[in-house]
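# Fold and geometry: a report
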Amino acid sequence: MLAWKADGKPVIWFDAEHAHESEAVIRGGIPLCAPWFGHGPNNDQNPQHGLARRSDFAVTVADPFRVIGTAETALIGIRHEVVMADAALEMTLSLTNHDHKPRTVEGMWHTYLRVGDAGQARVRGIQGADWHNFATGEKGGFNADELVLAPDTDTVIQGVGPALTLVDPAWGRQIRLETTGCPSAVIWNPRSSSATGDNPTAQAWRDFVCVETGVCKDNAVVLAPDRGLTMSMRISVKTL
């Protein structure tokens, strides 16, 4: 998933000029991280962020507004459905264990959301959740309901509710992510307090905020043989 617009403005960030900045993967769009996130809950899985984003999906349904793709990766079946309309972008991810023994799975949408200026952006819907910023090593719990985007933001949040909102003052709008079965979130931006990297994604830090949703790390799910996990997300835009 590389692009979707609402009210004439892009909602998903994608840099077509540097699409293959990183070997074998695309920066931007909505990469699908499954059947593990990062290097897995025990930090022992490769490649980073799972096999799904490097796999060829067999498209079983395709029309201008609805696409369903399936893939088999590491004995985990993956079904991904995307439905696009003017008012909302909806996605459903299903993971099924086809192994003869239980397997631990994670699944995250690594969504790059386009903003007018990430330096002004903030995320709401996090009050009461636990957080761990992997860029700084700090962790704690959210007493307030707002995370302001700052340098070195790579924050895993566990226990989020059914809706997150990315507030984008520069473009006068808010992007709402409504989810089911998604207790985990990751808020990330490549802006650094040290020297900014020379890769195009780091240089474009003002243009996007990653609001990733799904299940990961402490909320990884153990699937018994032939059992499945389904999660969904709906993205919509509202004027401030």
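What counts and how
- Residues numbered from 1 in each chain as written.
- Predicted model: local features only at pLDDT ≥ 70, side-chain atom pairs only at ≥ 80, totals over all residues.
- Heavy atoms only, no water.
- Helix = DSSP H or I, 4+ residues; strand = E, 2+ residues; numbered from the N terminus.
- Buried < 20%, exposed > 50% of the residue type's maximum accessible area, 1.4 Å probe, protein only.
- Contact = heavy atoms within 4.5 Å.
- 1 Å grid on protein atoms, 1.4 Å probe; cavity = no way out; pocket = protein on both sides within 12 Å on 5 of 7 lines; lining within 4 Å.
- Points joined across faces, edges and corners; volume = space filled by probe spheres on them.
- Nonpolar A, V, L, I, M, F, W, Y, C, P; charged D, E, K, R; others polar.
- Pairing = 2+ DSSP bridges.
- Axes fitted to C-alpha atoms, helices over the stretch in contact; angles between N-to-C directions.
- Core = buried A, V, L, I, M, F, W, Y, C linked by side-chain atoms within 4.5 Å.
- Salt bridge = Lys/Arg side-chain N within 4 Å of Asp/Glu carboxyl O.
- Phe/Tyr/Trp six-rings, centres within 6.5 Å; stacked < 30°, edge-to-face > 60°.
- Lys NZ or Arg CZ within 6 Å of the ring centre and 35° of its normal.

The chain is annotated in an unreviewed UniProt entry as D-hexose-6-phosphate mutarotase of Cutibacterium modestum.

Glancing now at the side chain of D168. If you trace the backbone, D168 turns up in strand β16 (residues 163-168). D168 sits in the buried class, given a relative accessible area of 0%. Other than its neighbours up to four places away in sequence, D168 contacts R114, V115, G116, D117, R173 and L240.

Right, let's talk about the layout of surface pockets for a bit. Estimated volume of the second largest pocket: approximately 440 Å³. Looking at the lining of the second largest pocket, the elements that each hand over two or more residues are β15 (153-158) and β18 (184-189). Looking at the lining of the second largest pocket residue by residue, the class counts come to nine nonpolar, eight polar and five charged.

In this section: the environment of R227. Examined against the element boundaries, R227 turns out to sit in the loop between β20 (221-223) and β21 (228-239). The exposed category is assigned to R227, whose relative accessible area is 56%. Between the C-alpha atom of R227 and that of L95, which follows or precedes it by 132 residues, the distance is 8.5 Å. Setting aside chain neighbours within four positions, we find R227 in contact with L95, T96 and N97.

On to the sheet that holds strand β17 (residues 173-180), then. In spatial order, the strands read β4-β5-β6-β7-β21-β17-β16-β11-β14; together these nine strands make up an open sheet with antiparallel pairing. The two strands at the open ends of the sheet, each matched to only one other strand, are β4 (58-63) and β14 (146-148). Ignoring strand direction, the axes of neighbouring strands in this sheet form an average angle of 15°. Relative to β21, β17 is paired through eight bridges, and the arrangement is antiparallel. Bridging across to β21, R173 finds its partner in T239.

Membership of the largest hydrophobic core comes to 45 residues, with the highest contact counts inside it found for W109, L166, V209, V211 and I235. Those elements giving two or more residues to this core turn out to be β6 (76-84), β7 (89-97), β16, β17, β18, β19 (208-215) and β21.

Time to look at the pattern of salt bridges. A full pass over the atoms with the stated rule returns eleven salt bridges. Here R122 makes a salt bridge to E146, at a shortest N to O gap of 3.2 Å. One end of the pair, R122, is in strand β11 (residues 122-124); the other, E146, is in strand β14, with 24 residues separating them in the sequence. Across the pair R176 and E178 runs a salt bridge, and its minimum N-O distance is 3.8 Å. The exposure class of R176 is partly exposed, given its relative accessible area of 36%. Each of E90, R176, E178 and R234 takes part in salt bridges that share partners, so that together they form one network.

Let's shift gears to the packing of aromatic side chains. For the structure on display, the rule yields six aromatic pairs. On the numbers, 6.1 Å between centres and 40° between planes, the contact of W188 with F208 is tilted. Placement of the pair is W188 in strand β18 and F208 in strand β19, with a sequence separation of 20 residues. Among the residues examined, F208 registers a relative accessible area of 0% and is labelled buried. Linked through ring pairs, W13, Y112, W188 and F208 together constitute an aromatic cluster. Above the ring of W171, the side-chain terminus of K9 is found at 5.7 Å from the ring centroid. The ring of F134 has K217 lying over it, and the distance from NZ or CZ to the ring centre is 4.8 Å.

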